Amino acid sequence: MIAMLLAGGQGSRLYALTQKLAKPAVPFGGKYRIIDFPLSNCVNSGIDTVGILTQYQPLELNEYIGNGQPWDLDRIYGGVHVLPPYQKASGSDWYKGTANAIYQNISFIERYDPEYVIILSGDQICKQDYSDFLRFHKEKNAEFSVAVMEVPWEEAPRFGLMDDRITEFQEKPKNPKSNLASMGIYIFNWDILKQYLIEDEADPESENDFGNNIIPNLLRDERKMYAYHFNGYWKDVGTIPSLWEANMEVLDPEHSGINLFDEDWKIYSRNSGMPGHKICAGANVENSMITDGCKIAGSVKHSILFAGVKVEAGAVVEDAVVMGRTTIKAGASVKHCIVAENVVIGENAVVGAMPTEEEQGVATIGPDVCVGTGAKIGSNAMISEDVKDGEEK
């Protein structure tokens, strides 16, 4: 089985965080990026050939993946391959949808002549053994299987929904009939997938999408389709609140289900190359994840600090996700927020606030922003440009 990882998403609901960055490259959990999770799952599941389909803002993602060495995917045969849209003799085209992205790479898949292909999403936090999913697919003698998990009924309209032996499928319905949500992770018999991709591409009315076109066409032809129940940790981190929440869950592995310290299922990432972190005299750090190169002189509580973050004396960080190489200057308050990479929070500035009955939002500061001395950023603010000294947003 080979894996095809869809990593071209724009991630528009992450707003300032993805204006210059593909969603799979968004930092997560102190030392990772979102794409580290499906890549690590592949290696841990014995999959050694992975095609990564990139499109939107691919530069940093491509650079991060490199030759695949951090995930043991730097192979002579197989390994990791970045697959952007490319010019062909018949012309060129952007990936028009999830199915079209796979269709444009049929020749790549054919090189390895697999019996099965697993389609993965590059924008989810999930620890999953794909080899167990493949075992289920074979036992059912299925032609198509999809990983599903139960979600609260109020969240069901966000997902594609289906039952165990799939005889009906709803793509993000207003009035859901099931709360078994598709995780967007599929296993196909390659001969079946290829047939339906070619048929779909020939249909001028198609949206070239798995949920809207390929799966309904399989249902139409009464193919052998099954839903594989997944009971582990999985989170769609496509919104600011869900990304913040997933990061906070990293700090509580006993209750949240996501344990990044699990020796039996490691998540691999590219090394920052920075020295160890330093906690200065007089600093206070409680229940936080502090990564390489950080220098802490202030107070940090229940927060995640990525590589190279500096917190000066008198600064307070609480319930915050602070991404790499950001500086929080003396006296600043940074609470219940996400701060992207290479940000400077000025002296005595206030970013975000702890939730109240009236205000529950997660303040977000985009990359390379400078928040001026004494500036105030409200709890629902989305900042992508510099904020002047004393200014309120």
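The rules behind these values
- Residues numbered from 1 in each chain as written.
- Predicted model: local features only at pLDDT ≥ 70, side-chain atom pairs only at ≥ 80, totals over all residues.
- Heavy atoms only, no water.
- Helix = DSSP H or I, 4+ residues; strand = E, 2+ residues; numbered from the N terminus.
- Buried < 20%, exposed > 50% of the residue type's maximum accessible area, 1.4 Å probe, protein only.
- Contact = heavy atoms within 4.5 Å.
- Areas by Shrake-Rupley, 256 points an atom, 1.4 Å probe, with all protein chains shown as cover.
- Lys, Arg positive; Asp, Glu negative; His and termini not counted.
- Charge placed at Lys NZ, Arg CZ, Asp CG, Glu CD.
- Core = buried A, V, L, I, M, F, W, Y, C linked by side-chain atoms within 4.5 Å.
- Pairing = 2+ DSSP bridges.
- Polar contact = N/O pair within 3.5 Å; in protein donor to acceptor, adjacent residues only side chain to side chain.
- Arc of directions from axis to C-beta.
- Salt bridge = Lys/Arg side-chain N within 4 Å of Asp/Glu carboxyl O.
- 1 Å grid on protein atoms, 1.4 Å probe; cavity = no way out; pocket = protein on both sides within 12 Å on 5 of 7 lines; lining within 4 Å.
- Points joined across faces, edges and corners; volume = space filled by probe spheres on them.
- Nonpolar A, V, L, I, M, F, W, Y, C, P; charged D, E, K, R; others polar.

Enquirer: Report on the overall build of the chain, specifying residues and quantitative values.
Expert: Per the secondary structure count, the chain includes nine helices and 29 strands. Once the C-alpha set of the chain is aligned to its principal axes, its extents read approximately 65 × 50 × 45 Å. Scored against the burial criterion, the 393 residues of the chain give a buried share of 55%. Across the chain, the fraction of contacts at a sequence separation of at least 24, relative to all contacts at a separation of at least 6, is 55%. Working note: accessible area of the chain is about 17,300 Å², and carbon and sulfur atoms make up 46% of it. The centroid of the 35 positive side-chain charges in the chain is displaced by 3 Å from the centroid of its 56 negative side-chain charges.

Enquirer: Pulling in residues and values, what's your account of the nonpolar core?
Expert: F28, I35, V50, I52, I118 and I338 are the most contacted members of the largest nonpolar core, which totals 65 residues. The biggest single contributor to this core is helix α8 (residues 240-250), with six residues.

Enquirer: How would you explain the sheet that holds strand β14 (residues 278-279) if you had to name every residue and give the values?
Expert: Spatially, six strands are ordered β14-β17-β20-β22-β24-β27 in an open sheet, and the strand pairing comes out parallel. Sheet topology places β14 and β27 (370-371) at the edges, where each strand pairs with a single neighbour. Relative to strand β17 (residues 295-296), β14 runs parallel, the two sharing two bridges. Of the residues in β17, the one forming a bridge with I279 is I296.

Enquirer: So what's going on with helix α7 (residues 210-220)? Residues and values would help.
Expert: Judged by how many residues are buried, α7 sits mostly within the fold: eight of eleven residues are covered. Those residues of α7 lying buried are F210, G211, N213, I214, I215, N217, L218 and L219. The N-cap of α7, judged by a side-chain oxygen 2.9 Å from the amide nitrogen of G211 a few residues on, is D209. Positive backbone phi, approximately 55°, marks E222, located one or two places after α7.

Enquirer: So what's going on with helix α5 (residues 130-139)? Residues and values would help.
Expert: Within an α-helix, residues lying three or four positions from one another point in the same direction, as the helix has 3.6 residues per turn. Among the residues making up α5, those that are buried are Y130, F133, L134, F136 and H137. In a view along the axis of α5, the buried residues occupy a sector of 155°, so they form one face of it. Buried positions along α5 lie against α1 (36-44), β6 (116-121), β8 (144-150), β11 (180-189) and β12 (225-229).

Enquirer: Before we move on, could you go through the pattern of salt bridges and cite the residues and values that matter?
Expert: On inspection of all chains with the given rule, the structure shows 18 salt bridges. The residue K235 makes a salt bridge to E245 at a minimum N-O spacing of 2.4 Å. Note that K235 is positioned in strand β13 (residues 234-236) and E245 in helix α8, a separation of ten residues in sequence. Among the charged side chains, a network of salt bridges with common partners joins R33, E60, R325 and E341.

Enquirer: Mind laying out empty space enclosed by the protein, listing which residues take part and the relevant values?
Expert: Enumeration according to the criterion identifies one cavity of 30 Å³ or more in this entry. Taken as a whole, the largest cavity encloses approximately 50 Å³ of empty space. Along its surface, the largest cavity is lined by F37, P38, N41, L120, S121, Q124, C126, Y130 and I185. Among the secondary structure elements, those contributing two or more residues to the lining of the largest cavity are α1, β6 and β7 (124-126). Residue contributions to the lining of the largest cavity peak at three residues, all from α1. Across the lining of the largest cavity, the residue classes break down as six nonpolar, three polar and no charged.

Enquirer: Got a sec to walk through the layout of surface pockets? Specific residues and values, please.
Expert: Roughly 680 Å³ of volume is contained in the second largest pocket. Lining the second largest pocket are 29 residues; nearest its centre among them are P27, R33, E60, R325 and E341. Of the residues forming the lining of the second largest pocket, the biggest block, three residues, is contributed by helix α2 (residues 59-65). Across the lining of the second largest pocket, the residue classes tally to twelve nonpolar, seven polar and ten charged.

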